Structures are given as structure tokens and as C-alpha cells.
Amino acid sequence: MTLASAPGDAILETQALTARYGHVRVLAPTDIRVRTGELVAILGPNGAGKSTLLRAILGLTSTTGQVMFQGKPLPRGDAVAVSARGVVLVPEGRGIFGPMTVEENLQLGAYRLGRDKPEFERRLARVLELFPRLGERRAQLAGSMSGGEQQMLAIGRALMGDPKILLLDEPSLGLAPRITAEIFEKLATLRDEGLPILLVEQKAPAALKMATRVYVLSLGRIAASLDADQITSHEDLAQYYFT
Ligand SMILES: Nc1ncnc2c1ncn2[C@@H]1O[C@H](COP(=O)(O)OP(=O)(O)O)[C@@H](O)[C@H]1O
Ligand SMILES: [Mg+2]
């Protein structure tokens, strides 16, 4: 008998998860699942509730329902406890510290590590291997880098915390298609290395290229759940976007 989860087991699962702002419910009861080995994309137009869903998973908004992670409920309203479980969000707008250097931002991502220098160096080497440009710019102020480089730094910083699952909120926002493609390729690499990823995106074509599965979120509810290879054209998705 082994306790390790077999490939394909659900690692993250929302169970009738809802969210509200004040009296307004913006997320209907939602059941989504990310399995080991998956890169799941949540697609939907502006205002559909994508960021709210991620915040609800982290327990940062007023919610009902439950989020199971590795078979156990995730705590609600306790961001530190959630990140200690290995659930890490790269937020919309990246959330990096502009007046600090690249290296200082990466150090912040590993703050829970304490003084374990060898482990820190191991994580840093992995991040710099994935994003060599961050290595070239270690001493540069984060705020002076391009949008694409800042996004790489935001992902790199999240990886310094050694996440068990990575949640990303519109990493392509404001980036040129070529840079978006480069970043998404790195996400696919991470997925192939065994890191499950839940990605929220408005830009469907870029996300579809590397997603294994797709949920379409429309007006605060899941309108469709599709295997990425079922989607052959933009029209397949558009029907859900506008209903
Ligand atoms: N802090 C907030 N207070 C009140 N309403 C909000 C807040 N944040 C988002 N909303 C509303 O919730 C809905 C979903 O927003 P959001 O999750 O940001 O969508 P998306 O990320 O898909 O663009 C929208 O109608 C938005 O106006
Ligand atoms: Mg959003």
C-alpha cells in the first residue's frame, strides 16, 4: 500500500463554493477539480468572477461551501495557513515589490524557509534555470523591468515558496503575444515536472495551447467543462462566453 496519490487523483476540489461581496453573490455554487499532472484553465470574459473564484479558493472573500486540498479542507480566512499548505497565488497585477531588487523579491518568496541555505539555493537555482533572464537581472529593481520580466519574477517568487499547486490570475495581462507564449511554455514545463496549475485567463487561445482541461466561467457560474482537445475553434468557446 502506498500513501502517494496516483496520477489523476484530485489534488484541489471546490465543493459548492460560493462567494459574495456584501449582499451580492458573484459566484454560484461551484465545483471544480484540479488533478495531479493537470494544467486547468478557467476562461471567461471580464467580470465573470474568475478572480473571485481564486480569492474564494484561498478563503479571502466571504464564502460558503468547501475547498478540499490533498484530501483535507483548506482553512478559510487564514492566508498564512493556506500558503503553508502549499497553495500559492500569483495575483492579477503580479504583486511584486517594485522598489526591491529581483533577488530580494525572490528571497521574500522563500520567507517560510528560515535559515535553510542549501534548500534556498536549490530553489533559487531552479527558478533561474526556468527564467534565465531573472538571473541576468538579479540586482535590478523589479519595478524597472518589462511587464513580461515582472510576470516571470512573480511566478519565480511563488516558486521560491515550493508550492504544491500554483494558482495564476491572468498572467498574460498587458503582455505581447510572444511574451505570453514564452511564459505559458514555462507553465507547461512546470506542469510536466509535476506541479499542478490552475490558470485564470481572459485570452482563450493562448491558454488553450497548454491547458489539459478548461472550465468556462460566465456570469459567476461554470457554463462548461471541456477537455482542451475537444475545443477545435474559437466558436466552440464563444457560445459559452455570451450565454
Ligand atoms: N471588491 C469587490 N466588491 C464588490 N464587487 C466586486 C468586487 N470585486 C469584484 N466585484 C464584482 O464581482 C464580479 C466578478 O468580478 P471578478 O471576480 O473580478 O471577475 P473577473 O476576474 O472574471 O474579471 C464583477 O461583477 C465585479 O464587479
Ligand atoms: Mg480578474
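Bear in mind that the values here come from a model prediction, so they are computed numbers and not experimental data.

Undergrad: Sorry if this is basic, but what is going on with the site of ligand 1 here?
TA: Residues in close proximity to ligand 1 include Y21, V26, P45, N46, G47, A48, G49, K50, S51 and T52, which together make up its full environment. Note that an oxygen atom of ligand 1 is positioned 2.9 Å from one of the backbone N or O atoms of S51. With respect to ligand 1, the side chain of T52 contributes an N or O atom lying 2.5 Å from an oxygen atom. Its free accessible area being 560 Å², ligand 1 has 55% of it covered by the protein chains. No other element matches the three residues that helix α1 (residues 50-57) contributes to the shell around ligand 1. Split by residue class, the shell around ligand 1 holds four nonpolar, five polar and one charged.

Undergrad: Would you mind going over unusual backbone geometry with me for this structure?
TA: For residues besides glycine, phi is generally negative; the peptide bonds are generally trans as well. With a phi close to 50 degrees, Q70 is a non-glycine residue in the positive phi region. Structurally, Q70 is set in the loop between β5 (62-69) and β6 (72-73). Given a relative accessible area of 44%, Q70 falls into the partly exposed group. For D162, which is not glycine, the phi torsion reads 55 degrees and is therefore positive. Mapped onto the fold, D162 is located in the loop between α6 (147-160) and β8 (165-169).

Undergrad: What is the right way to read the environment of E129 from this model?
TA: Relative to the helices and strands, E129 resides in helix α4 (residues 117-130). When the C-alpha positions of E129 and N105 are compared, they lie 17 Å apart, and in sequence the two are 24 residues distant.

Undergrad: So what exactly am I meant to see when it comes to the pattern of salt bridges here?
TA: Any two side chains of opposite charge can pair, on the condition that their charged atoms come close. As enumerated under the stated definition, the model contains 15 salt bridges in all. Notably, a salt bridge pairs E121 with K117, separated by 3.4 Å at the nearest N-O pair. Of this pair, E121 and K117 both sit in helix α4, four residues apart, which is roughly one turn of that helix. The shortest N-O distance in the salt bridge between D162 and R123 comes to 3.9 Å. Within this pair, whereas D162 is found in the loop between α6 and β8, its partner R123 is found in helix α4, the two being separated by 39 residues in sequence. In this structure, a network of salt bridges that share partners links the residues E119, R122, R123, D162 and K164.

Undergrad: Would you take a moment to explain the sheet that holds strand β7 (residues 87-90) for this structure?
TA: One key point about sheets: their strands pair by backbone hydrogen bonds, in either a parallel or an antiparallel sense. Spatially, the six strands line up as an open sheet ordered β7-β8-β9-β4-β10-β11, and their pairing is mixed. Each edge of the sheet is formed by a strand with only one pairing partner; in this case those strands are β7 and β11 (221-227). Neighbouring strand axes in the sheet, compared pairwise and without regard to direction, differ in orientation by 20 degrees on average. Pairing between β8 and strand β9 (residues 197-201): four bridges, direction parallel. Bridge pairing links L168 to L199 in β9. Contacting β7 and β8, α6 runs over the sheet at an angle of about 170 degrees to β7.

Undergrad: Would you mind showing me how to read the side chain of R94 here?
TA: With respect to the element layout, R94 can be found in the loop between β7 and α3 (102-109). In this structure, R94 is buried with no salt-bridge partner, the nearest side chain bearing the opposite charge being E201 at 8.6 Å. In contact with R94, other than residues within four places in its own chain, are G147, Q150, Q151, A154, R157, P171, L173 and L175.

Thresholds applied
Residues numbered from 1 in each chain as written. Chains lettered and ligands numbered in written order. Predicted model: local features only at pLDDT ≥ 70, side-chain atom pairs only at ≥ 80, totals over all residues. Heavy atoms only, no water. Near = heavy atom within 4 Å. Polar contact = N/O pair within 3.5 Å; in protein donor to acceptor, adjacent residues only side chain to side chain. Areas by Shrake-Rupley, 256 points an atom, 1.4 Å probe, with all protein chains shown as cover. Helix = DSSP H or I, 4+ residues; strand = E, 2+ residues; numbered from the N terminus. Nonpolar A, V, L, I, M, F, W, Y, C, P; charged D, E, K, R; others polar. Buried < 20%, exposed > 50% of the residue type's maximum accessible area, 1.4 Å probe, protein only. Salt bridge = Lys/Arg side-chain N within 4 Å of Asp/Glu carboxyl O. Pairing = 2+ DSSP bridges. Axes fitted to C-alpha atoms, helices over the stretch in contact; angles between N-to-C directions. Contact = heavy atoms within 4.5 Å. Lys, Arg positive; Asp, Glu negative; His and termini not counted.

These values are about where atoms sit, not about what they do.
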